[in-house]
2 protein chains.
Amino acid sequence: MGTLTFGFLNRTVVMTSKTTFPTLPDIRMAHARIQPMIHRTPILTNSAIDHLAGCEIYFKCENFQKVGAFKARGAANAVLKLSSEQRSRGVATHSSGNHAAALARAASAAGIKSYIVMPSTAPEIKKKAVESYGGQIIFCEPTLEARQRTLDEVVADTGAAFIPPYDHLDVIEGQATCALEIWEEELSLDALVAPVGGGGLLGGTALTTHYLAPKCKVYGAEPEGADDAYRSFQADQLIPMKNPKTIADGLLTSLGNLNWEIIRRYVTDVLTASDEEIIAAMRLVYERMKIVIEPSCAVPLAVVIKYPAYFNGKKVGVILSGGNVDLGKLPF
Amino acid sequence: MGTLTFGFLNRTVVMTSKTTFPTLPDIRMAHARIQPMIHRTPILTNSAIDHLAGCEIYFKCENFQKVGAFKARGAANAVLKLSSEQRSRGVATHSSGNHAAALARAASAAGIKSYIVMPSTAPEIKKKAVESYGGQIIFCEPTLEARQRTLDEVVADTGAAFIPPYDHLDVIEGQATCALEIWEEELSLDALVAPVGGGGLLGGTALTTHYLAPKCKVYGAEPEGADDAYRSFQADQLIPMKNPKTIADGLLTSLGNLNWEIIRRYVTDVLTASDEEIIAAMRLVYERMKIVIEPSCAVPLAVVIKYPAYFNGKKVGVILSGGNVDLGKLPF
């Protein structure tokens with residue numbers, strides 16, 4: 001069997017055919033570990049949406065999670081698993097999204113420093129969020145090269161541990177606690193649907209479900225304009241995304257390597273929706289459920305409505321991943 | 001003592017100094033009565049908003065109520081208290097707001113007819129809501145006179161019972177069940193704040209609180225541009241609103257007579273906020289709590305933030321009254 005090596009700067013993950021993914025006890029322990037730093041989010045139902053979709057939907061509301069997204073789980077788990085020696089040097093990442101805020105908050109709560117590399121062009125609101133959680137922002141030019149170089153420099157200067165947004169076992173283990181809470185409710189779901197960008201949430205969801213409810217189908221929901229998981233799944237090999245274009249701005253990233261290895265093993269299928277279908281689902285959630293979600297978060301409901309052949313008459317879990325949306329730019 | 005007489009077309013309420021407002025047993029019985037037709041809505045907290053407001057706020061989320069507003073309570077109670085003879089002839093009202101949808105739904109659930117008089121200019125979405133709940137719409141010209149005349153005709157033709165939106169003891173009794181649920185949580189609140197338009201919710205809230213927690217202060221929250229309750233309270237006499245103008249479109253109506261009699265007795269004070277302050281509070285709820293509310297619903301939080309002298313360091317209940325907002329016209 002081949003060997004994949006990922007250089008994570010100050011930690012190297014070597015994945016072989018024997019790579020150990022988080023086990024059920026690992027995920028349970030992660031849940032206990034991050035408990036003081038996260039909300040146990042509610043599961044909501046809505047009869048009007050059920051009627052429309054022709055199935056019984058249970059919405060796990062991670063839009064109500066700390067920092068407004070499931071990312072709080074993985075970041076907290078990764079930070080809390082650091083050795084005290086690593087903690088003394090802090091954590092670093094490059095992100096302008098929910099992971100940046102989640103890592104800054106988790107670090108701050110653990111009493112350690114965080115260094116967040118952000119493009120100088122990042123929206124003011126994202127900068128403020130990171131600052132409000134006590135993160136130190138290091139600006140870079142808005143190119144992938146500048147981002148990586150700046151992160152390398154920060155890590156070299158500070159010795160901080162790089163915590164990537166999804167391609168990391170501790171992050172995946174943290175995201176897996178969301179499905180753990182779902183399965184603890186004993187809803188006898190036939191299917192569970194999560195959005196897929198880098199694959200942290202979908203990977204974690206698939207792992208937990210594999211352990212606790214192996215008969216439940218797990219679907220990834222992806223925008224048509226960033227359908228690398230769909231195409232990878234069809235081709236049975238990781239195909240990176242080039243030039244993604246979708247309103248679901250949290251799902252623009254390509255699948256991570258570790259995430260792909262989990263997804264190809266434990267996910268039933270990947271389904272896609274157009275931006276128009278995503279916006280319609282998003283609107284439905286605002287109008288009927290009276291809750292605020294970001295576009296990425298509406299993709300699972302969009303595919304559940306789009307593919308009745310998969311979901312009709314079933315009990316379906318849908319993970320609403322986050323609620324951080326620019327209110328001035330709602331698509332309706 | 002004087003006698004006030006209100007002609008409710010097919011029922012006449014005579015209020016004397018001995019007028020009996022709903023008692024605590026009445027309110028408890030109403031709660032049991034409407035239970036199958038309403039949600040027990042959740043009470044949410046938010047540490048970021050607490051920090052900003054300098055107090056501990058408990059949000060009673062009636063935006064998650066059936067038909068998206070507390071109005072479901074009063075309409076259900078009024079419908080279920082009709083005699084079987086009255087039921088056979090149905091119910092009628094004039095409204096283009098939440099009460100219309102709530103009455104149509106309550107009637108439909110009770111298996112009786114509802115006739116809703118609406119101006120021909122009412123937004124399409126409001127018409128559709130009433131129709132979707134099985135209400136029969138009768139259009140009229142968009143004037144107060146035409147509205148009243150059309151309602152009179154409908155009632156004369158059908159014998160339907162007129163259920164007004166707030167100036168009605170059964171409606172007030174129904175709205176009073178919202179505070180009942182709050183007090184059942186035993187939160188030891190120092191203050192409770194509800195929005196005030198016609199005074200159904202504030203009246204009911206004040207009554208229940210008078211019975212169950214007489215030391216708790218009850219505040220009405222009103223837009224500056226529709227401040228008849230504030231002015232009535234200052235003058236200790238009912239002063240109707242002329243030419244109201246505010247973004248809080250659910251609070252444009254003048255206080256009802258019965259509502260005023262309760263409010264003057266049992267409400268501690270009425271506080272007002274400008275449209276700008278209302279929009280800022282509304283935005284805060286969307287951004288921090290990730291829930292959808294209508295502008296009227298943001299007025300209580302706006303006054304809590306505006307008047308720290310009243311609320312600083314206190315435990316404050318805030319009733320979020322509804323979430324029916326035109327998403328295409330959000331003020332941010």
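Procedures and definitions
- Residues numbered from 1 in each chain as written.
- Chains lettered and ligands numbered in written order.
- Predicted model: local features only at pLDDT ≥ 70, side-chain atom pairs only at ≥ 80, totals over all residues.
- Helix = DSSP H or I, 4+ residues; strand = E, 2+ residues; numbered from the N terminus.
- Rg over C-alpha atoms; globule rule 2.2 N^0.38 Å.
- Buried ≥ 20, exposed ≤ 12 C-beta atoms within 10 Å, placed from the backbone.
- Contact = placed C-beta atoms within 7 Å.
- Expected span 1.5 Å × (residues − 1).
- Arc of directions from axis to C-beta.
- Pairing = 2+ DSSP bridges.
- pLDDT = per-residue confidence, 0-100.
- Domains from an automatic or database assignment.
- Least-squares fit on C-alpha atoms with pLDDT ≥ 70 in both.
- Axes fitted to C-alpha atoms, helices over the stretch in contact; angles between N-to-C directions.
- Parallel < 35°, antiparallel > 145°, perpendicular 65-115°, else oblique.
- Left-handed = near helix turned anticlockwise from the far one by under 90°.
- Core = buried A, V, L, I, M, F, W, Y, C linked by C-beta atoms within 7 Å.

**Here's the deal with the overall build of chain A**
Right, so step 1: If you tally the helices and strands in chain A, you get 14 helices and twelve strands.
Right, so step 2: What you see for chain A is a C-alpha radius of gyration of 19 Å, in line with the 20 Å of a compact globule of 332 residues.
Right, so step 3: Taking all 332 residues of chain A together, 53% fall into the buried category.
Right, so step 4: In chain A, once contacts between residues fewer than 6 apart in sequence are set aside, the share between residues at least 24 apart is 74%.

**Digging into helix α7 (residues 144–158) of chain B**
Residue and element names in this part refer to chain B.
Right, so step 1: Between its first and last C-alpha, α7 extends 21 Å over 15 residues, near the 21 Å set by a 1.5 Å rise per residue.
Right, so step 2: Buried within α7 we find Thr150, Leu151, Val154 and Val155. One side of α7 carries all its buried residues, which in axial view fall inside an arc of 135°. Away from its buried face, by an angle of more than 90 degrees, α7 presents the exposed residues Glu145, Ala156 and Asp157.
Right, so step 3: The secondary structure elements touched by the buried residues of α7 are β5 (91–94), β6 (114–119), β7 (136–140) and β8 (161–162).

**Observations regarding the pairing of strand β11 (residues 269–273) of chain A**
Residues and elements named next belong to chain A.
Right, so step 1: In terms of residue burial, β11 counts as a mostly covered element, since four of its five residues are buried.
Right, so step 2: In this sheet, β11 lies alongside strand β10 (residues 217–223) in parallel orientation, the contact comprising five bridges. Paired with alanine 221 across the two strands is leucine 271, which belongs to β11.

**Focus on the confidence of the model for chain A**
Close inspection of predicted coordinates is inappropriate in any region flagged by low pLDDT.
Residue and element names in this part refer to chain A.
Right, so step 1: Scored by pLDDT, chain A has a mean of 93; 95% of the residues are at 70 or more.
Right, so step 2: Confidence drops under pLDDT 50 across residues 1–14; counting only partners more than four residues distant or on other chains, this segment forms 23 contacts.
Right, so step 3: Both confidence scores are given for the complex: pTM 0.91, ipTM 0.90.

**Brief notes about the domain arrangement of chain A**
Residues and elements named next belong to chain A.
Right, so step 1: Taken as a whole, chain A is organised into domain 1 (15–70 + 168–329) and domain 2 (72–162).
Right, so step 2: For domain 1 versus domain 2, the separation of C-alpha centres amounts to 24 Å.
Right, so step 3: Opposite the 24 residues of domain 1 that make contact, domain 2 presents 16 residues.
Right, so step 4: Of all the secondary-structure elements, those providing two or more residues to the side of domain 1 that touches domain 2 are α1 (24–34) and α8 (169–184).

**Focus: the relation of the copies chain A and chain B**
Right, so step 1: It takes a turn of 180° to lay chain A on chain B, together with a shift of 0.0 Å along the axis; the resulting RMSD is 0.0 Å. What the superposition gives is, in effect, a two-fold axis relating one chain to the other. Of every C-alpha in chain A, the one belonging to isoleucine 291 of chain A sits nearest the axis of rotation, 2.0 Å from it.
Right, so step 2: In this assembly the copies share their binding face: 100% of the residues contributing to the interface of chain A also contribute to that of chain B.

**Section: the packing of helix α3 (residues 71–80) of chain A against α8 of chain A**
Residue and element names in this part refer to chain A.
Right, so step 1: Across the interface, α3 lies against α8 with an axial gap of 7 Å and an inter-helix angle of 135°. On the basis of their axis angle, the class for α3 and α8 is oblique. Considering the relative orientation of α3 and α8, their crossing is right-handed. Residue-level contacts link Arg73, Gly74, Ala76, Asn77 and Ala78 of α3 to Asp170, Val171, Ile172, Glu173, Gly174, Gln175, Thr177 and Cys178 of α8.

**Here's the deal with the nonpolar core**
Right, so step 1: Counting residues in hydrophobic clusters, the biggest one holds 216 residues, and the most contacted among them are Val193 and Val304 of chain A together with Val304 of chain B.
Right, so step 2: Excluding its chain neighbours within four sequence positions, the residues that come into contact with valine 304 of chain B are Ala53, Cys55, Ile57, Val193, Phe311, Val316 and Val318 of chain B.

**Digging into the sheet that holds β11 of chain A**
Residues and elements named next belong to chain A.
Right, so step 1: Taking strand neighbours across the sheet as the criterion, the six strands line up as β3-β4-β12-β9-β10-β11 in an open arrangement whose pairing is mixed. Pairing within the sheet leaves two strands with one partner each, and these edge strands are β3 (43–44) and β11.
Right, so step 2: Where strand β9 (residues 191–195) and β10 come together, five bridges link them in parallel fashion. Each residue of the ladder has a partner; that of leucine 192, found in β10, is valine 218.
Right, so step 3: On top of the sheet, helix α10 (residues 228–235) reaches β10 and β11; it is set at about 140° to β11, its chief contact.

**Remarks on the sheet that holds strand β11 (residues 269–273) of chain B**
Residues and elements named next belong to chain B.
Right, so step 1: The mixed open sheet is built from six strands, whose spatial order is β3-β4-β12-β9-β10-β11. Both outer strands of the open sheet, β3 (43–44) and β11, are each paired with one neighbouring strand and no more.
Right, so step 2: With three bridges joining them, strand β9 (residues 191–195) and strand β12 (residues 315–320) adopt parallel strand pairing. Of the residues in β12, the one forming a bridge with leucine 192 is glycine 317.

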